[in-house]
Each structure stands twice: as structure tokens, then as C-alpha cells.
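What follows is the residue order along each chain.
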Amino acid sequence: MYQSLGKWCFGHPWRVLSAWLVTAVVLGVIAGGLGPSFGAQISSPDSESGRAGDILGEHFGSVGSRVSGTIVLEAAGTGDGVEDPQVRAAMTQLLAEVDAIADVSVGSPYDAEGAHRIATTGAAAGRIAYADIETAPDFNVDESVALSADIDHLIDASGLRELPGVQVHIGGAWLSEQEPPETEAIGLAFAIFVLIAAVGSVVAMGATVGTALLGVGIGAMGIVIISNITTVPDFASTIGVMIGIGVGIDYALFIINRFREWTRQGLNLQDAVGAALDSAGRSVVFAGATVVLSLLGLLLVGLPFISGLGISAAVTVAIVMAGSITLLPAVLGLVGARLGTIRVRGIAASALVALALLGFGLGIMPLLAGIPAAVAVLIASSFAKDRNRLRSVIQQRPPKALRETAWYRLSRVVQARPWLGALGGCALLLLLAAPVLSLRLGFSDEGNFPADSGTRQAYDLLAEGFGPGANGPLLIVAETPQPDDLSTLAGVADAVRITDGVAMASPPMPSPDGGAALIRVQPTTGPQDAATEDLVEHLRGEVIPAALAGTAVSANLGGNVAFGIDFSDYLAQRMLIFFAAVLGASFLLLMAVFRSLVVPLKAVVMNMLSIGAAYGVVVAIFQWGWLGSLFGIEGAPIEPFIPMMLFAILFGLSMDYEVFLLSRMKEEYERTGDPVNSVADGLAATARVITAAAAIMVVVFGSFVLEDNRVIKLFGFGLAAAIAFDATVVRMLIVPSTMELLGARNWWLPAWLDRIIPNLRVEGELPERAPDSATTGASDSAIPSGGGRV
């Protein structure tokens with residue numbers, strides 16, 4: 001099937017390309033018509049904060065909505081501060097205009113019950129005030145961004161920012177500035193050079209990058225459409241682009257390398273494409289399906305927010321994978337024999353484009369001149385063709401025989417000291433993983449935004465004027481069907497007020513319909529502080545139950561901070577179930593592919609080591625704050641959905657390298673029966689492309705560390721670190737060491753089990769390989785070849 005598919009796409013390139021372009025246009029029209037509808041609401045089933053939210057929604061309207069924010073005012077240039085007549089008049093008018101926006105309500109510091117919104121102590125007394133902004137609970141991210149822009153326009157029109165000593169900022173994560181990512185261009189710039197070095201062709205580089213980008217673009221449109229069907233977080237598109245570019249380039253690189261190998265062995269172009277798809281194409285489908293299944297495993301968590309994130313990423317990977325086995329062969333059919341030629345003009349134009357991409361990613365706009373310069377080079381190369389040096393063909397050095405490469409020598413060095421390699425590699429990864437023992441799940445607060453952002457300045461002003469806890473108040477909510485229930489709640493407020501860690505507790509405030517009441521509690525510590533989490537547990541477990549003992553009143557502690565704690569606990573309880581499901585499924589798949597019990601067991605353990613090491617460095621940097629100034633972050637809890645998402649993606653991606661490396665080792669072992677040299681030959685044949693693919697992924701993922709969004713930084717760094725550990729310490733050190741130690745026992749499988757499990761093949765029935773290709777340069781590609789049963 002794979003051979004037939006590859007040959008057909010190669011022979012009908014315009015049909016395939018047209019089908020992909022039509023798909024892109026159709027999805028673009030649908031996505032443009034629907035528009036994005038990224039969800040801002042996440043839920044924590046059967047939690048105390050969820051019950052508190054239900055009571056708030058029923059009796060208080062939008063109060064307590066998670067899509068909320070503040071307008072923070074500082075008036076330091078007038079003697080009367082925020083009570084200055086000019087300031088007060090302008091602020092009152094501004095808040096009235098904001099309150100008039102549909103589905104938005106405002107709590108003003110100038111209302112009869114708003115005095116608590118004006119600072120009363122210290123140097124900030126009378127100088128800092130804030131207004132609460134509450135929206136309808138079903139506000140999505142795009143509506144929140146639009147609301148933030150509308151409020152910012154109203155602030156400018158009010159003239160407040162023109163008054164001496166007056167600052168006005170919009171606070172709250174949901175009303176923060178949203179900038180589209182640009183740093184993926186850095187990864188693309190790096191990929192251009194790595195791909196040219198890896199495949200030895202500018203045309204092959206262009207085919208690889210172009211195929212990946214078209215797939216990623218279609219995937220991004222798909223995510224927009226999905227956001228209108230289910231809850232999808234706003235950063236899903238960024239993560240989809242991040243993963244799509246990485247795996248898209250990887251998959252295309254593997255197939256092109258195998259295609260070039262078959263052409264060097266004498267196959268015509270069409271047959272070489274079919275053979276490449278029947279070998280590397282099968283591996284790509286297997287690896288891509290593993291990533292998709294791992295991501296879809298997030299559906300087991302049972303939360304729309306997490307499911308939407310997994311579905312979005314899975315759809316992007318599936319589209320990119322489909323492009324690799326259909327669109328890429330069609331592109332190869334269009335470029336034909338030019339794939340193996342590299343000219344001066346191509347190198348020059350590629351370097352200029354890469355320079356422009358680097359400038360775009362880093363914000364150095366003059367470097368964008370590289371685009372017109374590249375066009376000028378291509379135009380100049382069309383004149384005086386016979387004498388134009390831009391058209392000169394660059395001669396490439398013939399590939400070395402495998403057993404003369406540095407990779408073969410590295411493998412033999414490692415195999416000569418297998419215990420040192422295995423134990424040393426494992427010890428290094430365990431050391432890097434050690435910080436994960438102190439992992440604390442939770443949501444970081446707005447104190448992690450860039451210091452020059454309005455969101456961060458609003459956060460800092462609130463903390464300065466009202467204390468750190470003002471950025472994350474707690475809400476004690478109870479229904480009050482009986483007349484004396486309010487006095488009971490007054491006793492709760494008194495008990496909470498004298499609790500250590502509480503800065504303020506308001507009297508019970510009845511709802512407009514009289515059916516419920518709430519107590520506003522301000523901790524002495526910030527929203528992401530561990531002490532705040534301890535306070536929530538103490539209030540829930542001891543203070544509130546003791547104050548309500550002997551009464552019929554039932555109170556629930558809610559608010560955004562309490563919700564974050566409940567959400568983190570919910571995910572933590574399901575994390576091990578998710579891990580076990582993915583690990584178990586991966587073990588069974590690899591056992592069916594490699595016909596071995598030992599190889600899949602080692603694969604699972606080694607993948608866990610590399611992922612654990614990535615978790616460890618993430619905790620050290622993003623939770624402990626090590627090197628925080630270098631990464632532009634401060635220590636904070638790790639967002640509770642990050643470990644699951646990283647695990648789902650990384651475990652699937654690590655299968656790419658597992659399949660490409662071990663299948664080649666297995667093939668050499670079956671061909672020669674030599675358990676020693678089969679390991680070295682397999683490593684030498686695959687190391688070049690695995691290293692190139694991993695380097696591209698590391699830079700693509702790592703470039704997102706330059707973004708302002710902390711979640712995107714964390715995600716990109718975690719992926720980059722894990723890929724780096726997996727492709728170096730695991731694949732180049734631990735794998736050959738353990739393969740050497742176990743020898744032929746690596747491929748042991750009981751006969752009775754061999755009869756039961758299905759035989760999954762990642763290699764097709766391919767043309768015979770030259771007998772000496774394991775030791776000559778004919779198999780310089782790092783894609784597994786041959787017809788061995790794998």
C-alpha cells in the first residue's frame with residue numbers, strides 16, 4: 001500500500017498539491033467565517049470551589065466569574081490622591097462607560113460599598129484604588145481580549161493618563177495583552193542550515209520545510225474550527241505550531257533521507273519514492289500515530305479544557321503526518337532530479353532568508369532586508385547562464401563508509417565500556433530528575449508577567465496598596481434560607497479574621513435575592529504562594545467547620561485561588577492513571593513491532609528517564625527560580641496540565657528515535673547475526689539524521705523560551721530539554737551500552753507470546769540492499785532500510 005501510494009503521488013503531483021491547496025482554502029474560509037472561540041472556562045468536577053462558583057452564579061450573577069480583572073489607579077501627583085476632584089470625575093465617568101458594555105459589571109471604589117477598594121494604610125493610603133471588572137461566565141478568550149482593548153481605548157479617551165502623576169492599568173490574566181508568537185521563525189532559520197547540511201540539497205530543504213509549514217497552517221485552521229465545537233485554550237494554537245513544525249520537519253527529513261539512499265542504490269526516482277514510503281513512511285506513520293494516541297489519551301482526564309488541548313495538538317500532528325506521506329512525494333515528483341543538486345544561488349538565497357527569519361524572530365527589523373536580497377540573488381542568477389557563478393554547482397564530498405564515521409567509532413567506544421555508559425548515563429539523568437521530587441502543581445499569577453506590561457504593573461500596584469493577597473482573594477459562600485443564617489456566617493467571618501495568614505475578612509454580604517451570602521477573605525500572601533495554599537486547606541479543614549458546628553449552614557470556600565488548588569488536585573489524582581495507560585499501550589506496541597520483551601521494557605524505562613530529567617530541570621528553573629533572570633521568569637508553581645501534556649507529546653516523539661534507531665539495529669542483527677557490530681552499524685547509520693532532527697526540534701521548541709507567556713516558555717523549554725536528553729544521553733550512550741550488555745537477549749520473546757501478539761511491521765518488502773552497504777557509504781542515510789521483519 002505504501003509503495004503504491006508513494007508512486008501515485010509522485011506520478012500525479014499537481015493533483016495532490018491541488019487537493020492540499022483546496023483543503024487549505026476551504027478550511028481557511030470556514031475558520032475565517034466562524035472565527036476563533038477559545039474557551040476561558042475550565043472546570044474542576046465535584047470540588048468545593050466548583051460548588052461555591054455554582055452558588056455565586058445562581059445568586060450573585062457574574063461575581064466570582066473566572067474571566068475577571070481590575071482597573072487599577074494610582075494618583076501620586078495630587079494632594080488628594082484618588083479623591084482629587086478631577087481624577088475622581090474622570091475615573092467615575094470611565095467606570096460608568098465600562099459598566100455599560102454588554103455582559104460586564106463594575107465594582108467602583110467610589111460606590112457606597114466600595115471604600116475597601118481604596119488603600120488606607122502606609123505610603124499608598126489614598127493614592128491607590130481599584131475597580132473590579134466582572135464578565136459573564138461564558139466569556140471566551142477572544143471576547144476578553146476585545147474587552148481589554150475597549151477598556152484601554154476608554155482609558156485613553158478619559159484623559160486620566162495625561163494627568164500628572166496618574167497611572168491607570170488593566171489587571172487580570174484574562175484581560176492581559178495577547179501577542180501572537182514570532183519566535184518560531186528562529187527555529188525555522190536554524191532548520192534551514194541544519195537541513196541543507198543533513199540532506200545536502202537546498203531543494204530538499206525547501207521541500208521539507210514547505211511540506212511542514214503547509215501542514216501546520218492547515219492544522220492551525222483546524223484548531224480554530226475545533227474551538228467552536230469544544231473548549232480549547234487560547235495557547236493551543238501556539239503549541240500546535242510548535243509541535244507541528246518540529247515533527248513536520250522531522251518526518252519529511254526521515255523520508256527524504258531514505259529516498260536519497262534508494263536513488264544512490266540505483267532505483268529510479270518513482271521507485272525510490274515508493275521504497276522510501278514503504279520503509280521510512282511506515283515508521284513515520286507508526287511514530288505519528290503514537291504521538292496522536294498519546295495526545296488523545298488526555299481524553300481520559302475527563303476535562304474539556306485538557307481534552308481540547310489534546311485534540312488540537314493531535315489534529316495538527318495527524319495533518320502533518322498525512323502531508324509527509326502524500327504531499328511530500330508529490331513535491332519530490334515536481335522537483336525530480338534537481339533534488340540532488342546544490343548551487344551557489346541556492347545557498348546564498350537560503351542564507352539570506354534564514355537571516356530575515358532570524359531578524360523577524362528576534363525583532364531586528366533591518367534583517368528583513370534578507371527577503372528582497374534573496375529575490376535579487378535569484379533574479380541575478382537568471383542572466384548570463386553560462387558564465388554566472390551563482391549558477392555554479394557545489395560539489396559535495398562522497399559519504400564515508402559507515403565503519404569509518406565518527407558515529408561508528410563512538411558506538412564502539414561506548415560498547416567497549418558498557419557498564420560505564422549505562423550506569424553513567426542513568427546516573428546523569430537521575431541527577432537531573434531529582435528536583436521533580438519537590439514538584440508543586442498550581443497556577444502562576446500575574447506577578448510572572450513581563451515587568452513592563454500593564455498586567456504586571458497593575459498586579460504590583462495592588463500588592464503595594466492592599467497587600468499581596470489582594471491579587472487573589474478567597475470567597476466563602478453559603479446559601480442562607482433561614483433568617484439567622486447571616487448571624488451564623490458573621491461568626492464564621494470572626495473566626496476567619498483571627499486566623500494566621502488572613503489579612504482581612506469582610507462581614508457577610510447578602511446576595512441581591514437574599515438567598516445566599518459571601519465573605520471576602522484576603523490572605524497575607526500572594527496567589528501562587530505555598531502559604532496561601534496551606535491557608536485554604538486550614539480554613540476548609542478546621543476553621544470553617546468549627547465555626548459552623550451545630551448549625552445547618554453549609555459554606556464553601558471558592559475564588560480563583562481555591563479553584564486553582566482544586567483543579568491541580570484533580571489532575572494530580574488522574575496523572576498516574578494517564579501515565580500508566582500511555583506506558584502500557586507503548587510497551588505493547590513496541591513489543592509487537594520489535595518481537596521482544598526486553599527492548600520495549602528498556603524503551604519505556606529510558607523514555608521515562610529522559611522525560612524525568614526534563615521535568616527536573618523545569619522544576620529547578622521555573623519553580624525554584626534557578627537562572628530565572630536569564631529566562632525572564634520568577635519561581636512559581638508548575639501549571640497542573642503541563643506535566644501531562646509534556647508526557648503525552650514527549651513519549652510519542654521519543655518513539656520516533658526509538659523506532660528509527662532500533663529497527664536499523666534489528667535489521668543488521670537479522671542480516672548478520674552479529675549482536676555487537678549490528679549495534680554499531682545501526683547507530684552509525686541513524687545517528688546523523690537523528691542528531692539533525694533532534695537539533696531542529698531543540699531549537700524550534702527552545703525558541704519559544706523567548707516568548708513573554710510563561711506557559712509557552714515552560715512548554716518550549718521542557719520539550720527542548722527532553723528531546724536533547726533523549727537524542728544524546730539515551731540514544732547515543734545508554735542504548736548502545738545496554739544493547740551490548742544484553743547481546744542476543746535483547747531480541748528474546750517466548751514462543752507462545754510470539755504466536756499470540758500481532759506482527760506490526762514498520763518496514764515493507766523492499767528491493768534488496770547491496771550486500772556491503774552496512775560497511776560502505778551507500779547507506780549514509782539514517783533511515784532504517786531493508787526488508788527485515790521488524
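Let me sum up the structure you'll find in this document. (Residues numbered from 1 in each chain as written. Predicted model: local features only at pLDDT ≥ 70, side-chain atom pairs only at ≥ 80, totals over all residues. Heavy atoms only, no water.)

**Section: the overall build of the protein chain**
So the rule is basically this: Only DSSP runs of H or I with at least four residues qualify as helices, and only runs of E with at least two residues qualify as strands; both kinds are numbered from the N terminus onward. For this measure, only C-alpha atoms enter the radius of gyration; the expected value for a globule follows 2.2 Å times N^0.38, where N is the number of residues. Think of it in three bands: residues with accessible area under 20% of the maximum for their type are buried, residues over 50% are exposed, and the middle band is partly exposed, with areas taken using a 1.4 Å probe on protein chains only. For this analysis, residues touch if any pair of their heavy atoms sits within 4.5 Å. Only the protein chains shown count as cover for residues, and the accessible areas themselves come from Shrake-Rupley with a 1.4 Å probe. Positive charges are assigned to Lys and Arg, negative charges to Asp and Glu, while His and the chain termini are left out of the count. A single reference atom marks each charge: NZ on Lys, CZ on Arg, CG on Asp, CD on Glu.
When you go through the protein chain residue by residue, the secondary structure sums to 25 helices and nine strands. Against the globule reference of 28 Å for 790 residues, the protein chain gives a C-alpha radius of gyration of 30 Å, in line with a compact fold. When the backbone C-alpha atoms are referred to their principal axes, the protein chain occupies close to 90 × 70 × 45 Å. Taken across its 790 residues, the protein chain has 57% of its residues classed as buried. Expressed as a percentage of contacts within the protein chain between residues at least 6 apart in sequence, the contacts between residues at least 24 apart total 81%. A total of about 30,200 Å² of accessible surface is found on the protein chain, and carbon and sulfur atoms cover 62% of it. Side chains of the protein chain give 45 positive and 70 negative charges; the mean places of these two sets differ by 21 Å.

**Thoughts on the packing of aromatic side chains**
Where we set the bar: Stacked, edge-to-face and tilted are the three classes for Phe, Tyr and Trp ring pairs, Trp counted by its six-membered ring, which pair at centre distances within 6.5 Å; planes under 30 degrees apart are stacked, over 60 edge-to-face, the rest tilted.
Applying the stated rule across the entire model yields 13 aromatic pairs. Measuring from centroid to centroid gives 5.7 Å for Phe443 and Phe567, while their planes differ by 40°, and the two rings are tilted. Of this pair, Phe443 sits in the loop between helix H15 (418–433) and helix H16 (454–466) while Phe567 is found in helix H19 (residues 560–594), placing the two residues 124 residues apart along the sequence. Here Phe443 falls in the partly exposed class, since its relative accessible area comes to 25%. Among the residues examined, Phe567 registers a relative accessible area of 0% and is labelled buried. Ring geometry for Phe578 versus Phe647: centroids 6.1 Å apart, planes at 70°, classification edge-to-face. Here the residue Phe578 occupies a position in helix H19, and Phe647 occupies one in helix H22 (residues 642–672), the gap between them amounting to 69 residues.

**Topic: a negative patch on the surface**
Definition in use: Patch membership needs two things, relative accessible area over 30% and no salt bridge, and members are linked within 9 Å if like-charged or within 5 Å if nonpolar (Val, Leu, Ile, Met, Phe, Trp, Tyr). Each salt bridge in this description consists of a side-chain nitrogen of Lys or Arg and a carboxyl oxygen of Asp or Glu lying within 4 Å of one another.
Taken together, the side chains of Asp54, Glu58, Glu479 and Asp513 present a region of like negative charge at the surface. Mapped onto the elements, Glu58 comes out in helix H3 (residues 48–59).

**A word on a nonpolar patch on the surface**
A surface patch of nonpolar side chains, amounting to about 400 Å² of accessible area, comprises Leu355, Leu358, Leu362, Ile364 and Leu706. Structurally, Leu706 can be placed in the loop between helix H23 (677–702) and helix H24 (710–742).

**A look at the sheet that holds strand S4 (residues 166–171)**
What counts is decided by this rule: Between any two strands, at least two bridges found by DSSP are needed for them to pair. Interaxial angles span 0 to 180 degrees and are taken between N-to-C directions of axes, which are lines fitted to C-alpha atoms, for helices over the stretch in contact.
The strand order S2-S3-S1-S4 describes an open sheet built from four strands, whose pairing is antiparallel. Looking along the sheet, the strands with just one partner apiece sit at the ends: strand S2 (104–107) and S4. Each strand axis lies, on average, 20° off the axis of its neighbour in the sheet, ignoring direction. Bridge count for strand S1 (residues 68–75) against strand S3 (residues 128–135) is seven bridges, and the pairing is antiparallel. Residue Ser68 lies in a different strand from S3, and its bridge partner there is Glu134. Docked against the sheet, H16 engages S1, S3 and S4, running at close to 110° with respect to S4.

**Some remarks on the pairing of S1**
Counting buried positions over the eight residues of S1 gives eight, a clear majority of the element. Going residue by residue along S1, you find Ser68, Thr70, Val72 and Glu74 tucked away on one face and Gly69, Ile71, Leu73 and Ala75 tucked away on the opposite face as well. Judged from the six bridges that link them, S1 and S4 form a sheet pairing that is antiparallel. Bridge pairing in S4 places Val72 opposite His169.

**What about the pattern of salt bridges?**
Summed over all chains, the structure comprises 19 salt bridges. One salt bridge connects Arg440 with Glu533, and the closest N-O pair in it is separated by 3.3 Å. Within this pair, whereas Arg440 is found in the loop between H15 and H16, its partner Glu533 is found in helix H18 (residues 530–548), the two being separated by 93 residues in sequence. Between Glu639 and Arg710 there is a salt bridge, and its shortest N-O distance comes to 2.9 Å. With Glu639 in the loop between helix H21 (628–631) and H22 and Arg710 in helix H24, this pair connects stretches of sequence that are 71 residues apart. The same class applies to Glu639 and to Arg710, which are both buried.

**Considerations on unusual backbone geometry**
One non-glycine residue with positive phi stands out, namely Asp103, at about 65°. Relative to the helices and strands, Asp103 is located in the loop between helix H4 (85–99) and S2. Phi is positive for Arg595, close to 50°, though the residue is something other than glycine. Note on placement: Arg595 falls in the loop between H19 and helix H20 (598–623).

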